[in-house]
Every structure is written in C-alpha cells, then in structure tokens.
Amino acid sequence: MDLLVDAHRATTRIAQVAYPFLAEGGLGADGTYIGSDVFSGGSFVYDPWVLYQSRVITNPNVLLAGVIGSGKSSTAKALITRSIALGHKAYIPCDPKGEWTSVTEAMGGTAIKLGPGLPARLNPLDSGRRPDAVASDEWDRIVWSRRRALLGTLAESTLGRPLAAIEHTALDLALETVCAQVPTPTIPDVVVALFKPDDRWAERVGLNASSLTTDGREVAHAIRRLVHGDLSGMFDGPSTTEFDPAAPMVSLDSSWIGSGGNDQALRLTLACASSWLEAAVADPAGGNRYIVYDEGWRVMRDPALLRRMQEQWKLSRAWGISNVLIVHRLSDLAAVGDLGSEARALAEGLLADCSTRIMLRQESDQLARTANLLGLTDVEIATIAKLPKGRALWRLPNRSFVVQLVRHVREVELFDTDGRM
Ligand SMILES: Nc1ncnc2c1ncn2[C@@H]1O[C@H](COP(=O)(O)OP(=O)(O)OP(=O)(O)O)[C@@H](O)[C@H]1O
Ligand SMILES: [Mg+2]
C-alpha cells in the first residue's frame, strides 16, 4: 500500500521537533572530555565557562552529589586535571581526606599540609594581591570585608550562635585598631585588641575601654581558640607559604586535623584555609579557575560558614571562578536548618547557584527529595536510583545527560581512594 503523504527530507535538527526521540546532541565539542553519553554513545564534553558564555547555564558553579564511593571525587578530579590542558587552574581549599595531594603534585601544583605541629602556617587575614583591574580604595574595602567576615564566622561558629550587635561593634573596632597599626594583621593581634581595647577607638562609638572589654569578651575567647587552643600553630601568625599564581593547582590538605568526628575543628580550619586561598585568587584577570570543596557537606552544617560561602560565591562569578561543591545528598542542604530558617535559605541559595548538578547514585530514600529539589522526571529518578559507579546524570537547565566517566589507566591509579582503606 502506498503512503498517502509526500516524502519529506529534513535535517535531524529539524526532525527532532517532529520526532523528539532522537538522542541529545551533547554540549558541543568545546571543553573537557568526560566520558561517553550513555544514550547517544557520543563523547561528552563539558566546560562551565564555555556553556556560561553560550548561555546554556546561568552560572559556572557545579554541585556533585552521590552516595559514599559512587565516584564523586573521581569525577571532579577527571574534570579538573583534564581541563588544565585548556589553561584552567584549580584550587582545593577543602580536602579533609587529603586525597587531592597526590593529584595536585602529579599536575605540578602545590599541596599545603595543614595540621597541629606541621610547619605550614597560613595567615587567613592576608590581603592577597590587588588585581590591576580593582582600584585601591575598592580593594581596601574588599579586604576589610573579607577579614571582618572571617572573624565573624570564626566567632559565631565557635560560640554556636549569631553575634549580638554590641559584639559586632567590639569586633569591628578591634579589627580597625589592628589594621591602623600594622599592614597585615594576624589573628593574635585581633585577639589582643579584643581583650585590651584602645580607649581612643572605644570613644568613637561612645563607649569606654572597660565596657568594650566586657562586650567583646566572649568573642575574644571564641577566636582565641585559634591562637592558644587545639588549633594553634596553623593560622596564628604570618604565612610561611606564598601563594604561587602560576601553579596549575593548589590544594590545602586538612586530613591532619583529627578527622575522627572533630567537625568543629575541621570547620574552623576550612573557614581559615578557604579565606586565605580565596584572597589569593581574587583576580578577575586570573583566568578560568575551579575552586573545589570536596566533602563539602561537612562544612555545610554551619550557618556561619554557609553565609561566608554564599558571599564568596557572589564575588566569584565576577572573578571567573567555578565553585565545585561535593555533597552526599541534597538533604545535606536541608539538614542545616528548619524550613524557613536563614541557614536553610542560604543552603538552598547555594543549590540554586549551581547551574550544573551532577547526580551520581542516590539512596532510595533520597530520591523523592532529590526529584523535588531538582525538578527531575520519573525517568531521571529511575535512572539515578540504579547508576553504577562513575556514571552520573548531568543535569543542566532544561537538559540532562547520563554520562559514564571514562578513565585512563594512569588516572585510575591516581584517583584511587580504595587503596587508602
Ligand atoms: N568509573 C569508575 N569505574 C570504576 N571504579 C571507579 C570509577 N570511578 C571511581 N571508581 C573507584 O571508586 C572508588 C571511590 O571513588 P571516589 O573516591 O571518586 O568516590 P566518592 O564518591 O568521592 O567517595 P566518598 O564518598 O568516599 O568521598 C575509587 O577508588 C575509584 O577508583
Ligand atoms: Mg570523595
């Protein structure tokens, strides 16, 4: 029997409108090779800056989630080490397992080991280099607010509560006092200024030094932990290492901070370490750079740290930075606070600020929530429930891909984390 309609020829680009079951064409060929697109069989290539420029994504940040051992770190390591060939750089301020050290060294980068008794010391109040594009008074403001934000975070995180208005004043004045005395203040300088406020500075806000001492007492004790407490010797003096802007990778290994449950110490360390690193990379002309927060969920339990991260993420877009946040499950974001709380809103803001979400296998009890937060289809949910190791759903606005990470034998060795078990 003859077909009654006339034959019609069209390109696949046109035909996919009429026949929507053709495989996705991929994200183009410009970027870093990740592996194979499971549905089309083609190569899958990704580059957040290229996609940001072509408006496929609205920001270059990446969220990676998956159960333990599903291949989150391997996926991030592959993306990053391979993109160094394109001239991108990568910084890893959050590496609580120390697994990025060998990767960083293999790429010719610098790995800094942080821990009590270790020789490296970083001054988190370092100003970093002023970028040419930033005027000096604007830079002063940026440096001031970064220092002030870090000190506030350290105090709030240790005290476990938001600072009172008067405590903010005490901290402001302490920082202003030391900044007027020395070009690069250290945390011990600020602690001294909190314990012994300067009369002239106190008068500026209509207080006297002794009442200011009382007001700032708790803040002083909270921050003192980094100077005399269990975290002393790491962030309480001038930096012993200079940041090398030419290095392709810099990682801060915090595996030496008792990883067994002392999450508070780890969080304070991460706050200081990332502040130091972020100060160093604050340069719009610094090229395309990834900042990786591996095991990010350990930091995210803390509203004070979340607030700092969010501020940093806002700035990083202007600096050409792609933040890569690695968590186990999306409910890590919800665990930070009750619905409607500030912490919860901050965490959800971070999620919204990641245009690319890479979902490795999720626990079955997490599927509904994941689907809800990311707006996944039933087919996508069924897919992520069954993903084998190294295979992920790459979810971009309005598009998604299932991608199998393909590793070179050298990478298999280099990225191995089972060996450490
Ligand atoms: N595509 C893959 N095929 C086979 N094995 C893989 C693949 N990707 C990763 N692995 C192996 O699985 C192990 C765990 O991977 P990885 O460390 O990347 O997981 P993770 O999700 O970061 O784990 P964790 O939650 O413990 O941090 C590694 O030893 C790695 O070599
Ligand atoms: Mg990992």
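On a predicted model such as this, the values are computed, not experimentally measured, just so you know.

Analysis parameters
- Residues numbered from 1 in each chain as written.
- Chains lettered and ligands numbered in written order.
- Predicted model: local features only at pLDDT ≥ 70, side-chain atom pairs only at ≥ 80, totals over all residues.
- Heavy atoms only, no water.
- Helix = DSSP H or I, 4+ residues; strand = E, 2+ residues; numbered from the N terminus.
- Buried < 20%, exposed > 50% of the residue type's maximum accessible area, 1.4 Å probe, protein only.
- Contact = heavy atoms within 4.5 Å.
- Lys, Arg positive; Asp, Glu negative; His and termini not counted.
- Charge placed at Lys NZ, Arg CZ, Asp CG, Glu CD.
- Core = buried A, V, L, I, M, F, W, Y, C linked by side-chain atoms within 4.5 Å.
- Phe/Tyr/Trp six-rings, centres within 6.5 Å; stacked < 30°, edge-to-face > 60°.
- Lys NZ or Arg CZ within 6 Å of the ring centre and 35° of its normal.
- Near = heavy atom within 4 Å.
- Polar contact = N/O pair within 3.5 Å; in protein donor to acceptor, adjacent residues only side chain to side chain.
- Areas by Shrake-Rupley, 256 points an atom, 1.4 Å probe, with all protein chains shown as cover.
- Pairing = 2+ DSSP bridges.
- Axes fitted to C-alpha atoms, helices over the stretch in contact; angles between N-to-C directions.
- Expected span 1.5 Å × (residues − 1).
- pLDDT = per-residue confidence, 0-100.
- 1 Å grid on protein atoms, 1.4 Å probe; cavity = no way out; pocket = protein on both sides within 12 Å on 5 of 7 lines; lining within 4 Å.
- Points joined across faces, edges and corners; volume = space filled by probe spheres on them.
- Nonpolar A, V, L, I, M, F, W, Y, C, P; charged D, E, K, R; others polar.

## Points about the overall build of the protein
Link 1 in the chain: The secondary structure content of the protein amounts to 17 helices and eleven strands.
Link 2 in the chain: Reported as C-alpha extents along the three principal axes, the dimensions of the protein are approximately 100 × 45 × 45 Å.
Link 3 in the chain: Within the protein, the fraction of its 421 residues that count as buried is 53%.
Link 4 in the chain: Long-range contacts, defined as pairs at least 24 residues apart, comprise 73% of the intrachain contacts of the protein with a sequence gap of at least 6.
Link 5 in the chain: Of the charged side chains in the protein, 44 are positive and 49 negative, and the gap between their average positions amounts to 2 Å.

## Here's the deal with the nonpolar core
Link 1 in the chain: Ranked by internal contacts, the top residues of the largest apolar core, which has 89 residues, are Val-190, Leu-194 and Ile-223.
Link 2 in the chain: Top element by residues in this core is helix H11 (residues 263–281). It accounts for eleven residues.
Link 3 in the chain: Every residue in contact with Leu-194, bar those within four places of it in the chain, is listed here: Ala-170, Leu-171, Ala-174, Thr-213, Gly-216, Val-219, Ala-220 and Ile-223.
Link 4 in the chain: The next biggest cluster of nonpolar side chains, apart from the first, holds 32 residues, and it includes Ile-34, Leu-64, Ala-76 and Ile-358.

## Some points on the packing of aromatic side chains
Link 1 in the chain: Under the definition given, this model contains six aromatic pairs.
Link 2 in the chain: Here the aromatic rings of Tyr-91 and Phe-243 are separated by 5.4 Å at their centres, their planes lie at 55°, and the arrangement is tilted. Of this pair, Tyr-91 sits in strand E4 (residues 89–95) while Phe-243 sits in the loop between helix H10 (217–228) and strand E6 (249–253), and the two are 152 residues apart along the sequence.
Link 3 in the chain: On the basis of relative accessibility, which here comes to 2%, the residue Tyr-91 falls in the buried class.
Link 4 in the chain: Overall, Phe-243 belongs to the buried group, its relative accessible area being 11%.
Link 5 in the chain: Chaining the aromatic ring pairs together yields one cluster made of Phe-44, Tyr-46, Trp-394 and Phe-401.
Link 6 in the chain: The ring of Trp-100 has Lys-77 lying over it, and the distance from NZ or CZ to the ring centre is 5.8 Å.
Link 7 in the chain: Cation over ring: Arg-204 sits above Trp-201, and NZ or CZ is 4.2 Å from the ring centre.

## What to know about the site of ligand 1
Link 1 in the chain: The immediate surroundings of ligand 1 are formed by 19 residues, with Lys-72, Ser-73, Ser-74, Lys-97 and Thr-417 found nearest.
Link 2 in the chain: Residue Gly-69 places a main-chain N or O atom 3.0 Å away from an oxygen atom belonging to ligand 1.
Link 3 in the chain: The side chain of Arg-407 places a nitrogen or oxygen atom 3.1 Å from an oxygen atom of ligand 1.
Link 4 in the chain: In the complex, the protein chains occlude 86% of the 630 Å² of accessible area that ligand 1 would expose alone.

## Here's the deal with the sheet that holds strand E10 (residues 391–396)
Link 1 in the chain: Within the open sheet, the eleven strands sit side by side as E2-E1-E11-E10-E9-E3-E8-E7-E4-E6-E5. Their pairing is mixed. Of all the strands in the sheet, the pair left with one neighbour each is strand E2 (43–46) and strand E5 (110–113). Strand-to-strand twist of the sheet, defined as the mean angle between neighbouring strand axes without regard to direction, takes the value 25°.
Link 2 in the chain: Taken together, the four bridges between E4 and strand E7 (residues 289–293) define a ladder with parallel strand orientation. Across the sheet, residue Tyr-91 finds its bridge partner in E7, namely Ile-291.

## Topic: helix H5 (residues 136–159)
Within an α-helix, residues lying three or four positions from one another point in the same direction, as the helix has 3.6 residues per turn.
Link 1 in the chain: The end-to-end C-alpha separation of H5 is 34 Å, in line with the 34 Å expected for 24 residues at 1.5 Å each.
Link 2 in the chain: Looking at the residues trailing H5, positive phi occurs at Gly-160, about 70°.

## Re the confidence of the model for the protein
Link 1 in the chain: Confidence in the prediction of the protein, expressed as mean pLDDT, is 87, and 95% of residues score 70 or more.
Link 2 in the chain: Mean pLDDT across the elements of the protein ranges from a minimum in helix H1 (residues 12–18), with 69, to a maximum in helix H3 (residues 72–83), with 96.

## Focus: empty space enclosed by the protein
Link 1 in the chain: The final tally for this structure, using the stated rule, is four cavities of 30 Å³ or more.
Link 2 in the chain: The volume enclosed by the largest cavity comes to roughly 70 Å³.
Link 3 in the chain: In terms of lining residues, the largest cavity is bounded by Pro-93, Cys-94, Leu-270, Ala-271, Ser-274, Tyr-293, Val-299, Leu-305, Arg-308 and Met-309.
Link 4 in the chain: Those elements that provide at least two residues to the lining of the largest cavity are E4, H11 and helix H12 (303–318).
Link 5 in the chain: Residues belonging to the lining of the largest cavity are distributed by class as follows: eight nonpolar, one polar and one charged.
Link 6 in the chain: Elements with a minimum of two residues in the lining of the second largest cavity: helix H6 (165–181) and helix H7 (187–195).
Link 7 in the chain: Taken together, the residues that form the lining of the second largest cavity break down as eight nonpolar, one polar and one charged.

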